[in-house]
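The residues making up each chain are set out below.
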Amino acid sequence: MQPTLLLLAAAAAGTALAFTTNTPPLLTSLTPTRTSTTRLFGKSSDDNSSVLKEGRLVEFTSGSGSGGSSNKLGAIVGKEGKRNLKILTSTGRTVSVPPRSIKHVVPNGRVDTSDITQIEQHESAAASALSDDMALGGQNVMEMWELLLEEEDATNSIDLVTISELLLGDSSSVSCYATKALLTEGVASYCFKELGGKLADLPLYEPRQVHIVENMRSRAEIEAKEASKWDELKRRIDDVSSNDNMVMDLKRESEEVQIALQSLESLACLANLSPEEMQREEKAASEAITCAKQFLQNVGRRATPEMARTMLVSLGINGWNKHTNMNLIRLKIPTTFDQYLEDAATEIAMNPPPDLDEDLRMDLTHLPAFAIDDASTKEIDDALSVEILSADDDGPIHSRLRLWVHIADPSRYISLGSPLDKEARRRGTSIYLPTGTISMFPMSLASGILSLNPGEVTCALSVGMMLDDSGGIDEATPPIITPSLVKTTRLTYDQVDLLLDPFCMVDNDGGSSGVCESVENAIDMSIETAVESLRQLQYISEQRLQWRIDGGSSESISSYELPDMTVKATQSADAIDGWEIDIYAKNVFAANRIVTECALAANEAMAFYGMTHGIPLPFRGQEMDEVSDDEINMTPAGPCRSWLAIQKSRPSQISTNPLPHAGLGLDMYVQGSSPVRRYADLALHHQIKSHLRGEKLPFPANDSDDDLGDTAATVIGIARKAALVARQLERPANDYWLKEFLQRKGTETTQVVVLSGDRWKDNVYKLFIPDFGAIFSYTSTTSLATGQQIDMQSRTLSELI
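All values reported here derive from a predicted model rather than from experimental measurement. (Residues numbered from 1 in each chain as written. Predicted model: local features only at pLDDT ≥ 70, side-chain atom pairs only at ≥ 80, totals over all residues. Heavy atoms only, no water.)

Trainee: Can you break down helix H20 (residues 639-647) residue by residue, with the values?
Mentor: Most of H20 is tucked away: eight of the nine residues are buried. Summarising the contacts, the buried residues of H20 are in contact with helix H19 (629-634), strand S21 (749-757), strand S22 (764-769) and strand S23 (774-779). (Buried < 20%, exposed > 50% of the residue type's maximum accessible area, 1.4 Å probe, protein only. Helix = DSSP H or I, 4+ residues; strand = E, 2+ residues; numbered from the N terminus. Contact = heavy atoms within 4.5 Å.)

Pasting the structure below:
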């Protein structure tokens with residue numbers, strides 16, 4: 001006899017059946033006890049309290065959030081508060097559940113609440129039934145559905161107890177719970193519709209019509225196929241993640257999966273942001289982030305930024321590793337140049353365009369010009385000269401010297417509106433990261449024809465200045481600003497400092513030291529000539545610094561300059577995680593002061609030129625709060641007093657109108673000394689050189705505080721954009737590698753200095769690491785004194801960065 005006929009016969013006889021043919025029983029068949037009642041517990045009642053008694057087995061919803069709620073089984077053990085029920089689960093945990101969360105009362109389900117194995121028995125039976133149902137492809141439920149449809153009134157509903165007797169052979173609570181699992185979660189769950197009702201009623205089910213079942217079955221098959229696809233993808237992800245030598249091959253994945261994996265980057269880049277920043281970013285990239293979250297859920301992962309980052313690293317997607325700079329990706333910062341831009345750079349180097357300033361360009365190649373910078377610097381954008389105006393020793397020295405600051409002239413080669421100009425404007429600035437430089441121009445150009453390369457005749461914009469007896473720019477002799485030709489000598493800061501140190505210039509026998517020999521290979525003049533020029537530059541820088549101090553600059557509070565933190569992260573096969581980290585404080589010595597003071601003088605001169613001739617330039621200003629002598633004297637000299645000066649400095653401003661810069665002690669100030677590295681400086685060069693040629697100015701004035709997008713064509717918008725990009729990338733990258741560096745040092749101690757307490761928060765202090773030049777906040781449970789030195793474990797410090 002066929003299974004369907006066997007069911008029909010059993011139904012006609014009014015008895016339950018244990019399947020013994022092609023469809024074995026899902027649970028052991030017991031002697032059935034049929035019931036015709038539709039009530040679970042005697043008389044009808046609208047009050048759930050009559051049902052929800054101690055010992056009753058119930059199914060309730062639990063959980064919320066991205067994962068949604070799920071049904072769980074438990075036994076009522078009593079009440080919690082006025083309304084909630086205490087329910088014991090198979091894990092032994094007791095949970096508090098409101099009555100509205102009770103979704104199902106198991107028929108005939110009453111257990112001893114001191115024995116959780118009875119709850120486990122029900123769950124085990126349901127899991128076993130679903131497993132067997134999967135193996136049979138839902139055949140039992142489908143055959144019962146076919147049987148019921150063959151009855152005269154196929155629209156009649158049937159209660160859970162009767163279905164349990166027909167399907168599993170008995171109406172015990174174990175069988176009823178397993179039957180409900182088959183009807184709601186089994187392969188053929190689409191065959192029956194669960195009808196709503198009161199908790200006191202037996203759950204009722206209605207066989208769906210054939211056409212509805214066919215539609216739902218087709219949809220279920222599609223969903224099963226989709227689920228299988230995701231299960232297979234999950235297995236591939238697990239395989240790659242567990243093997244450090246494997247990388248996910250995106251080309252072998254479907255377009256849908258490729259897009260989803262790529263979208264993980266948008267979500268992963270939120271991992272290090274604050275909740276407020278994360279919310280803003282999610283709104284800006286909602287589609288990609290939604291796609292990423294759904295993908296993570298599909299492969300059984302938590303839909304969080306950190307999980308997205310972890311997966312990208314473990315799969316090696318797009319070269320992601322533990323130290324991938326997420327801010328570069330989030331801000332869509334290009335790290336390379338398209339080929340057409342590289343080709344344009346090559347063409348300019350091979351075939352330079354006509355020089356628009358050829359008639360104005362002054363030949364200054366006869367002046368020794370020193371390009372002083374770090375040894376690793378590739379973009380050489382300034383050099384310094386001293387011109388001797390008179391050999392007569394009469395009169396003060398400043399009246400016989402003219403300081404020249406030669407600035408690289410990229411506007412000589414890069415035309416406004418050209419592809420390279422548009423790309424440089426889009427980037428705004430070169431970005432200096434511990435892992436390397438992302439240049440504003442292709443490096444072949446930036447370190448090539450645009451730079452003031454040593455030993456070559458190069459184009460520059462030169463600023464010549466005479467100083468008065470106090471160190472200020474001599475108003476009686478206006479500065480000279482002119483396109484020029486120069487020939488530079490390259491020296492590092494260390495070399496200059498050694499050349500200016502008389503004790504380093506001779507060895508113990510009174511002869512020339514090795515310092516001279518190392519410099520001789522880098523210059524095309526005698527050591528004596530080089531030293532004399534450098535000492536003249538040193539004299540000028542000291543005069544300028546004193547003049548600024550007299551003008552109330554931040555140095556008037558503290559002559560000590562806090563060192564910059566220099567961070568280098570270099571790939572190395574022998575290092576931890578493949579990266580070697582070097583961090584040190586870059587202290588300020590004579591060479592640094594020479595470059596700084598001369599650049600400030602040139603920038604002041606260009607600001608004066610712009611004001612005098614009404615040229616819209618990005619003038620930069622800053623105010624400082626007053627500080628009393630008592631406040632200065634009470635603060636320890638050195639780093640603490642320098643930090644006091646920084647605290648007294650207000651945020652800088654940018655305007656097309658000249659502003660005093662109190663921090664620098666200048667009446668007006670612009671930045672124009674790094675046009676190869678900053679587009680705002682390049683725009684300033686275009687403004688000044690257009691005025692020198694008598695042409696229309698290329699950039700209008702705009703002091704609007706509108707969105708940067710509306711002012712991007714103005715000198716103000718350009719300057720603001722570049723500052724914003726650098727601030728978003730450079731400081732976070734330095735902090736990241738400092739944190740990694742300190743973690744690697746583990747329990748080693750590092751000395752810190754307390755700079756000051758926070759003005760607004762109790763027990764919050766600013767600490768300074770002298771060895772590295774790092775400054776960070778620290779919350780202390782005890783009071784700390786300004787200037788106090790503390791030894792802290794490096795690993796502990798890393799958690800504060």
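Trainee: Summarise the sheet that holds strand S4 (residues 94-97); cite the residues concerned and give the values.
Mentor: Spatial ordering of the open sheet is given by S4-S3-S2-S1-S5, a layout of five strands whose pairing is antiparallel. Of all strands in the sheet, those bounded by a partner on one side alone are S4 and strand S5 (102-110). Put simply, the sheet's adjacent strands are angled 45° from each other on average, direction ignored. Across four bridges, strand S3 (residues 84-89) lies against S4 in antiparallel orientation. For Ile-87, the partnering residue across the bridge sits in S4 and is Val-95. The sheet contacts of helix H2 (residues 117-136) involve strand S1 (56-62), strand S2 (70-80), S3 and S5, and relative to S2 the element is tilted by about 160°. (Pairing = 2+ DSSP bridges. Axes fitted to C-alpha atoms, helices over the stretch in contact; angles between N-to-C directions.)

Trainee: Break down the pairing of S23 for me, citing the residues and quoting the values.
Mentor: Sheet topology note: the S22/S23 ladder contains six bridges and is antiparallel. Residue pairing across strands places Leu-767 opposite Phe-776, the latter belonging to S23. If you look at the hairpin formed by S22 and S23, you'll find four residues sitting between the two strands, and Gly-773 has a positive phi there, around 80°.

Trainee: Got a sec to walk through the pattern of salt bridges? Specific residues and values, please.
Mentor: Per the counting criterion, the structure on display carries 37 salt bridges. Each member of the salt-bridge network shares a partner with another, and the members are Asp-355, Asp-357, Arg-361, Asp-409, Arg-412, Lys-689, Arg-693 and Glu-695. (Salt bridge = Lys/Arg side-chain N within 4 Å of Asp/Glu carboxyl O.)

Trainee: I'd love a proper account of the packing of helix H6 (residues 210-241) against helix H10 (residues 305-315), names of residues and values included.
Mentor: It is the contact of H6 with H10, at a shortest axis distance of 8 Å, that shows an interaxial angle of 70°. What the angle tells us is that H6 and H10 run roughly perpendicular. H10 is crossed by H6, and the crossing has left-handed handedness. Across the interface between the two elements, Ile-237, Val-240 and Ser-241 from H6 touch Met-311, Ser-314 and Leu-315 from H10. (Parallel < 35°, antiparallel > 145°, perpendicular 65-115°, else oblique. Left-handed = near helix turned anticlockwise from the far one by under 90°.)

Trainee: If you had to explain the packing of aromatic side chains to someone new, which residues and values would you point to?
Mentor: Two aromatic rings are characterised by how far apart their centres lie and by the angle between their planes. Applying the stated criterion across every chain yields a total of four aromatic pairs. Measuring from centroid to centroid gives 5.6 Å for Trp-230 and Phe-295, while their planes differ by 70°, and the two rings are edge-to-face. In this pair, Trp-230 is assigned in helix H6 and Phe-295 in helix H9 (residues 286-298), connecting sequence segments 65 residues apart. Exposure class is identical for Trp-230 and Phe-295. Each is buried. (Phe/Tyr/Trp six-rings, centres within 6.5 Å; stacked < 30°, edge-to-face > 60°.)

Trainee: With reference to specific residues and values, describe helix H15 (residues 493-500).
Mentor: Among the eight residues that make up H15, six are buried, leaving the element largely enclosed by the rest of the structure. Of the residues making up H15, those classed as buried are Tyr-493, Gln-495, Val-496, Asp-497, Leu-499 and Leu-500.

Trainee: Could you give me a rundown of the packing of helix H18 (residues 590-613) against helix H21 (residues 679-692), with the residues and numbers involved?
Mentor: The packing of two helices is summarised by the inter-axis angle and the distance between the axes. Running from amino to carboxyl end, H18 crosses H21 at an angle of 50°, the nearest separation of the two axes being 11 Å. For the element pair H18 / H21, the angle class is oblique. H21 is crossed by H18, and the crossing has left-handed handedness. Each of Met-606, Tyr-609 and His-613 in H18 lies in contact with H21, whose residues at this interface are Leu-684, Ile-688, His-691 and Leu-692. The class makeup of the residues in the contact of H18 with H21 is five nonpolar, two polar and no charged. (Nonpolar A, V, L, I, M, F, W, Y, C, P; charged D, E, K, R; others polar.)

Trainee: Go over the environment of Asp-681, please, and point to the residues and values.
Mentor: Among the secondary structure elements, Asp-681 is positioned in helix H21. As for Asp-681 and Gly-428, which are separated by 253 residues in sequence, their C-alpha atoms are 9.9 Å apart. Of note is the side chain of Asp-681, whose polar atom sits 3.2 Å from the backbone nitrogen of Ser-673. (Polar contact = N/O pair within 3.5 Å; in protein donor to acceptor, adjacent residues only side chain to side chain.)

Interpretation note: all reported values are geometric properties and have no functional meaning in isolation.
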